[in-house]
Each structure stands twice: as structure tokens, then as C-alpha cells.
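Architecture at a glance
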Amino acid sequence: MKRILITGIAGLLGSRLADWIIKNTKHKVIGIDDLSGGFLENINREVQFYKFNLIDLEALKGVFEKEKIDIVYHFAAYAAEGLSPFIRKYNYENNLIASTNLITCSIQYDVSRFVFASSMSVYGNKYDPPFKEDLAQAPIDPYAVAKYAVEMDLEIAKQQHGLNYTIVRPHNFYGINQNIWDKYRNVLGIWMYQILNKKNPTIFGDGSQVRAFSYVDDSVIPFWNASQNDKCIGEIINLGGIKEYSIKDACNILINVTGLNVKPVYLEPRHETKYAWSTWDKSVKLLNFKHEVDLEEGIKKMWLWANNQPNRERFTWPKYELNKGIYEYWKN
Ligand SMILES: NC(=O)c1ccc[n+]([C@@H]2O[C@H](COP(=O)([O-])OP(=O)(O)OC[C@H]3O[C@@H](n4cnc5c(N)ncnc54)[C@H](O)[C@@H]3O)[C@@H](O)[C@H]2O)c1
């Protein structure tokens, strides 16, 4: 029996991976989350759960000391990419320093495998999609810079200390357990929240941006394999959908699923990569990725789930670190 630590256990990817490991293996799952963006209800009861922010290095050392961790899955982050230029300090502390604390402990306590959920955002807007793993990183915002820096730190940790890492770069996963109450992230979650609250779904810009979406359950076996297949050590692997949709089309699919009389409202465009999706052949080869749930079917599952969720208060930043250049729709 291995002892598996999942950070961000209360979030989308972490909670669903934990459920799968508990159901399908005999391994023990230990979880850390500060509940800043995830929910206690998402955490499987069999998880040994610790609530704190990974910034707290002493608390983290305590968990490693006590739990004798074999494998680490690092999912904890605040993934509000568009907001990250306005909360730089928070972004780097929460996403970068927190990650390097985890790397420090993983080296110190001889973790055998470390799987990091990086992001497709590291490719930026320099290349035509699909993005292939060997393209040089070219981030265009602080969120992606933090991911890039963690990728580099892992490479150094392997070279100097032999930490066996695997970098997975997911893109556009959605599904049950996703945070739909955050104003700044998860396009499908934002729309579902708006529609549930009798508002029209909003689109940043003209909706011609293109993304490839994947249902969360399609991520679980690939993530599991990332720590099990030795060929993944030291590798960077894209993970995500094989079919692209414009944001406008994705919105219309959701509207059709709801059967409600709502229509998209177009807002000021954001600073973002317009066309973004990735290659998937490496994930098929090394992680056994299969795109099993198509967008309409996945949206149906998530919409059904969203309808049975509590009407939580919407998360809004009380004060941004930077106000200059903030979009009209995010102004306090
Ligand atoms: N979902 C996607 O499609 C996608 C795409 C690209 C990258 N990623 C990356 O994958 C990871 C997981 O994504 P997700 O969709 O499950 O996100 P999520 O927001 O649902 O889950 C992240 C969890 O981490 C927790 N957390 C955040 N910062 C923390 C900290 N410093 N200490 C402790 N807990 C903290 C939050 O409370 C939350 O429960 C993230 O790192 C994200 O950047 C996800």
C-alpha cells in the first residue's frame, strides 16, 4: 500500500482523482486544501484531510513527517488566469511559493514520484495550435509564469536531488465538483451560475476564442498512470480534449442543454490567448488518455449536478492589488 498525497483535494481534479484511487486501489489518500477555492463536501470521507495553505512550510513538513508520503499529486492553485495580473502577489505566493514548499518537502522526505498539474497556459499566444510539448514556454500572464517557474524548479530538483517528477499540462477540464461560484474562472461554471441565477451567460469578447474541453472523469486514469508508468519520469505531457469548439458554440450547447430562454451577452474582451488547444498523442501513448465523454454529454452531467448544489454566495475579490486596467465587469 502506497501513501498518496493530493494537494487541492477539495477541487475538481483532486477530488475526482481521490475518489477513483479509493474506489479502485488499496492505497491510502492524504489530502491538503485550504478550502479557498474548493469545498469540504467534495472530499471523499476516506481521505486523511489536512486544512491549511501550502505556504505554511512548517505545517507541510509536519504532514510529510507523520504520513510518510510515497507519491505526490500537486493540484492546489488559484487558477484565475485572467485575474492574475491584478493579484500578482497572491498569485505568486499561492501558486509558486506554495509549490516550491511542496517540492522542498518532497525532496527532504524522499518522495518517489511527483506529478504536477501545470497548464496549457505556458504556451501563451506565440504559437498556432495544437500546442506540442516540445515548444518553448511563452507565458503571457502571471498565472502561467508561476506554472512555468514550477516546471523549471522541478527540472532542477530532478537534476540536483533526483526528484522523479512528471509534468502534466491539462486544459479545459470541467465537470461535477467544479467551483461554479467564482466570478473569475471556469467558463462553464460561470455560465451555469449565471443561468441558475436567472441571468444571461456572459462571453468575454466576440466568442470566437477556441478551446477543447474535456470531462473531468477522462482525466483520472491518465493522472493515475502519470505516477505509475516509469516512462513518464521527467516528461511533460499535455492532457485534454481532442475536439475544438468556439466559446460561442460551447455556450450555445449549454443553453440547449438547459432548455431555458437565455442568450449570450458579449462583454469587453480580455487579455487572453485566442486559439488554444494541445496535441494529445503523447497522453494517449504514455497515460492511456481516452476522450470518452463529449461536450454535450459532459455538460448534461454537470448541469444536472449544478442544479442540486447549494446556492452559495458568489466569490468576489474585495480589493484587487492593482486597479489599473481592470475590466469594466470586474470593477469593484
Ligand atoms: N481544470 C482544468 O482544466 C485545468 C487546466 C489547466 C491547469 N489546471 C491546474 O490543475 C490544478 C487543479 O485544477 P482544478 O480545476 O481542480 O482547480 P480547483 O480550483 O477546482 O482546485 C484547486 C484546489 O486547490 C486549493 N488551493 C488553492 N491554493 C491552495 C494553497 N496554496 N494551499 C492549499 N490549497 C490550495 C483550492 O481550495 C481548491 O480546492 C490547478 O493547479 C490548475 O491550475 C487545471
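Moving on to the overall build of the protein chain. When helices and strands are tallied, the protein chain shows nine helices and 14 strands. Against the 2.2 N^0.38 benchmark of 20 Å for 332 residues, the protein chain shows a C-alpha radius of gyration of 19 Å, consistent with a compact globule. When each of the 332 residues of the protein chain is scored for burial, the buried share is 45%. In the protein chain, the proportion of contacts linking residues at least 24 apart, taken out of those at least 6 apart, comes to 80%.

What follows is about the site of the ligand. Around the ligand, 30 residues are found, and the nearest of them are Gly8, Gly11, Gly38, Ala77 and Ala117. Going through the elements one at a time, α1 (12–24), β2 (28–33), α3 (88–108) and β6 (165–171) are the ones with two or more residues in the shell around the ligand. Per element, the largest residue contribution to the shell around the ligand is three residues, and it comes from α1. When its residues are assigned to classes, the shell around the ligand shows 16 nonpolar, 12 polar and two charged.

Below, the discussion takes up the packing of α1 against helix α6 (residues 217–228). Two elements in contact, α1 and α6, have axes whose closest approach is 9 Å; the angle formed by their N-to-C orientations is 65°. Taken together, the axes of α1 and α6 lie roughly perpendicular to each other. Here the hand of the crossing between α1 and α6 comes out right-handed. Along its contact with α1, which presents Leu13, Arg16, Leu17, Trp20 and Ile21, the element α6 presents Asp217, Ser219, Val220, Phe223 and Trp224. Considered class by class, the residues forming the contact of α1 with α6 number seven nonpolar, one polar and two charged.

What follows covers α3. Side chains of residues three or four places apart in an α-helix project in the same direction, reflecting 3.6 residues per turn. When the terminal C-alpha atoms of α3 are compared, their 29 Å separation across 21 residues agrees well with the 30 Å that a helix rising 1.5 Å per residue should span. Tucked into the core, α3 has its buried residues touching β1 (3–7), α2 (57–67), β4 (71–74), β5 (113–117) and α4 (142–161).

As a general point, the strands of a sheet are linked pairwise by backbone hydrogen bonds and lie either parallel or antiparallel. If you trace the three strands from one edge of the open sheet to the other, you get β12-β9-β14, paired in mixed fashion. Edge strands, defined here as strands with exactly one partner in the open sheet, are β12 (244–246) and β14 (275–276).

Another aspect to go through is the sheet that holds strand β11 (residues 236–240). An order of β3-β2-β1-β4-β5-β6-β11 is seen for the seven strands of this open sheet, with the pairing classed as parallel. One side of each edge strand has no neighbouring strand; the edge strands of this open sheet are β3 (48–51) and β11. Strand-to-strand twist in this sheet, taken as the mean axis angle between neighbours without regard to direction, amounts to 20°. Sheet topology note: the β4/β5 ladder contains four bridges and is parallel. Counted as the bridge partner of valine 72 is phenylalanine 114 from β5. Strand contacts of α3: β1, β4 and β5, with the helix running at about 175° to β4, the strand carrying the most contacts.

With seven of seven residues buried, β6 is to be regarded as a mostly interior element. Taking every second residue as pointing to the same face, both faces of β6 are buried, with Tyr165, Ile167, Arg169 and His171 on one and Thr166, Val168 and Pro170 on the other. Of the strand pairs in this sheet, β5 and β6 are connected by four bridges, and their pairing is parallel. In the sheet register, alanine 117 faces β6, and the bridge partner there is valine 168. As for the winding sense of the linkage, the β-α-β connection from β5 through α4 to β6 is right-handed. Note: β6 against β11, five bridges, orientation parallel. Among the inter-strand pairings, proline 170 is bridged to a residue of β11, identified as leucine 239.

Glancing now at the environment of proline 142. Along the chain, proline 142 falls in helix α4. Put simply, proline 142 and asparagine 91 are 51 residues apart on the chain and 7.1 Å apart in space, counted from C-alpha to C-alpha. Sequence-distant contacts of proline 142, defined by excluding residues within four places in its chain, comprise Ser84, Pro85, Arg88, Asn91 and Tyr92.

The linkage connecting proline 129 with the following residue, proline 130, adopts the cis geometry, with an omega of 0°. Along the polypeptide, proline 130 turns up in the loop between β5 and α4. Its identity is not glycine, yet asparagine 172 carries a phi of approximately 55°, on the positive side. Among the structural elements, asparagine 172 can be located in the loop between β6 and β7 (173–174). One non-glycine residue with positive phi stands out, namely asparagine 186, at about 70°. The topology assignment puts asparagine 186 in the loop between β7 and α5 (187–196). You can call asparagine 186 buried: it has 21 C-beta atoms within 10 Å.

A few words now on the domain arrangement of the protein chain. When cut into domains, the protein chain gives domain 1 (3–174 + 213–240) and domain 2 (187–211 + 243–277 + 294–319). Of note, the centres of domain 1 and domain 2, computed from C-alpha atoms alone, are 25 Å apart. On the domain 2 side, the residues contacting the 13 residues of domain 1 number 15 residues. Class assignment for the residues of the side of domain 1 that touches domain 2 results in seven nonpolar, five polar and one charged.

Conventions adopted
Residues numbered from 1 in each chain as written. Predicted model: local features only at pLDDT ≥ 70, side-chain atom pairs only at ≥ 80, totals over all residues. Helix = DSSP H or I, 4+ residues; strand = E, 2+ residues; numbered from the N terminus. Rg over C-alpha atoms; globule rule 2.2 N^0.38 Å. Buried ≥ 20, exposed ≤ 12 C-beta atoms within 10 Å, placed from the backbone. Contact = placed C-beta atoms within 7 Å. Near = placed C-beta within 6 Å. Nonpolar A, V, L, I, M, F, W, Y, C, P; charged D, E, K, R; others polar. Axes fitted to C-alpha atoms, helices over the stretch in contact; angles between N-to-C directions. Parallel < 35°, antiparallel > 145°, perpendicular 65-115°, else oblique. Left-handed = near helix turned anticlockwise from the far one by under 90°. Expected span 1.5 Å × (residues − 1). Pairing = 2+ DSSP bridges. Right-handed = clockwise from strand over helix to strand, strands pointing away. Domains from an automatic or database assignment.

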